[in-house]
Amino acid sequence: MGVIHILHTAFGIFGILNTLLLLLAPRITFQRVIRKRSTENFSGIPYVISLVNCLFSMWYSLPFVSPNNMLVTIIAASGTSIQPIHVLIFLPFAPSWKEKAKISGILFLFFLIFSTVALVSIFALHGHKRKLFCGFISGIVGISMYGSPLTILRQVIKTKSVEYMPLFLSIFVFTCGVTWLVYRLLGVDPFIYVPNMIGALLGLVQLILYAVYRDNKRGVKKEATDVSVDMELGNTNEEKLANTPSQNATIP
């Protein structure tokens, strides 16, 4: 039991470090967003769901809901401090009002759900029933967080480019999922290890796709740059053809 307790604590601390790296990984992406003053094709949904997941995880790990989850409380509280910054940066630079309204609507809906769950768990449920209820909801939100990049995976497969799927984010999704999976297997808490098992699998899929399409990244960027330059110079394909001497012209 002593060895298991030590391993449990060690993986918990390692999980905190991994999750902090996962939370801070989008910094590079948002530096690009601020520099270009546009979110381009980056999706804001994963950041919203990640914020809400931190809220639910923190609520589930509180002592009056699920005792002995202090490490989860610490990292979840850190997430609720970091992720709002990403969302607040994303919204002003979203490419359209439609996108801003969509992200805001999803955020409002999740906050409404969280408030409802918190109130029900406080006033209507007690003891083990409260833990089951909050754990079940937290698990669903956790699975949603890990599943939110599926839209990006579809884009990667469609465009055969990993430009909008940051490598570090994929790495930390995988390592974070594996670490918390082991942590909760040692602690026997299905409401945490099931979502993280799914997260580890999805993180592995992201890494595989990155390995498959990583060589196409530069080619796509170069092609996009060439098209952009042509548009800025006003050199459309028709103009190029018009300005190119015909091969059938008479040579003087």
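Residues numbered from 1 in each chain as written. Predicted model: local features only at pLDDT ≥ 70, side-chain atom pairs only at ≥ 80, totals over all residues. Heavy atoms only, no water.

Going by the annotation in an unreviewed UniProt entry, the name recorded for the chain is Bidirectional sugar transporter SWEET, with Nicotiana sylvestris given as the source organism. As its UniProt record puts it under Sequence similarities (unreviewed entry), the chain is described as follows: "Belongs to the SWEET sugar transporter family." What UniProt records for the chain under Function (unreviewed entry) is the sentence "Mediates both low-affinity uptake and efflux of sugar across the membrane." (UniProt positions renumbered as here; feature names shortened; annotations may be inferred.)

Visitor: What am I meant to see in helix 5 (residues 97–123) here?
Guide: Given 3.6 residues per helical turn, the α-helix brings residues three or four places apart onto the same face. In this model, helix 5 (27 residues) spans 39 Å end to end at C-alpha, consistent with the 39 Å of a helix rising 1.5 Å per residue. At its buried positions, helix 5 is contacted by helix 3 (45–61), helix 4 (70–93) and helix 6 (127–147). (Helix = DSSP H or I, 4+ residues; strand = E, 2+ residues; numbered from the N terminus. Expected span 1.5 Å × (residues − 1). Contact = heavy atoms within 4.5 Å.)

Visitor: For this particular structure, what's the right way to read the packing of helix 4 against helix 5?
Guide: Between two packed helices, both the angle of their axes relative to each other and the distance between the axes serve to describe the pair. Interaxial distance between helix 4 and helix 5 falls to 8 Å at its minimum, and their mutual angle equals 150°. Regarding the angle of helix 4 to helix 5, the classification is roughly antiparallel. Pair helix 4 / helix 5 crosses with left-handed handedness. Here helix 4 contributes Val 87, Phe 90, Leu 91 and Pro 92 to the contact with helix 5, which in turn contributes Glu 99, Lys 100, Ile 103, Ser 104 and Leu 107. Partitioning the contact of helix 4 with helix 5 into residue classes produces six nonpolar, one polar and two charged. (Axes fitted to C-alpha atoms, helices over the stretch in contact; angles between N-to-C directions. Parallel < 35°, antiparallel > 145°, perpendicular 65-115°, else oblique. Left-handed = near helix turned anticlockwise from the far one by under 90°. Nonpolar A, V, L, I, M, F, W, Y, C, P; charged D, E, K, R; others polar.)

Visitor: Help me understand the confidence of the model for the chain in this model?
Guide: Low pLDDT means the predicted coordinates in that region are not meant to be read closely. Here the chain averages 76 in pLDDT, and 81% of its residues register 70 or above. At the level of individual helices and strands, the chain shows its lowest average pLDDT in helix 11 (residues 237–243), which scores 41, and its highest in helix 5, which scores 91. Note on residues 218–252: pLDDT under 50 across the span, and eight contacts to partners over four residues away in sequence or across chains. (pLDDT = per-residue confidence, 0-100.)

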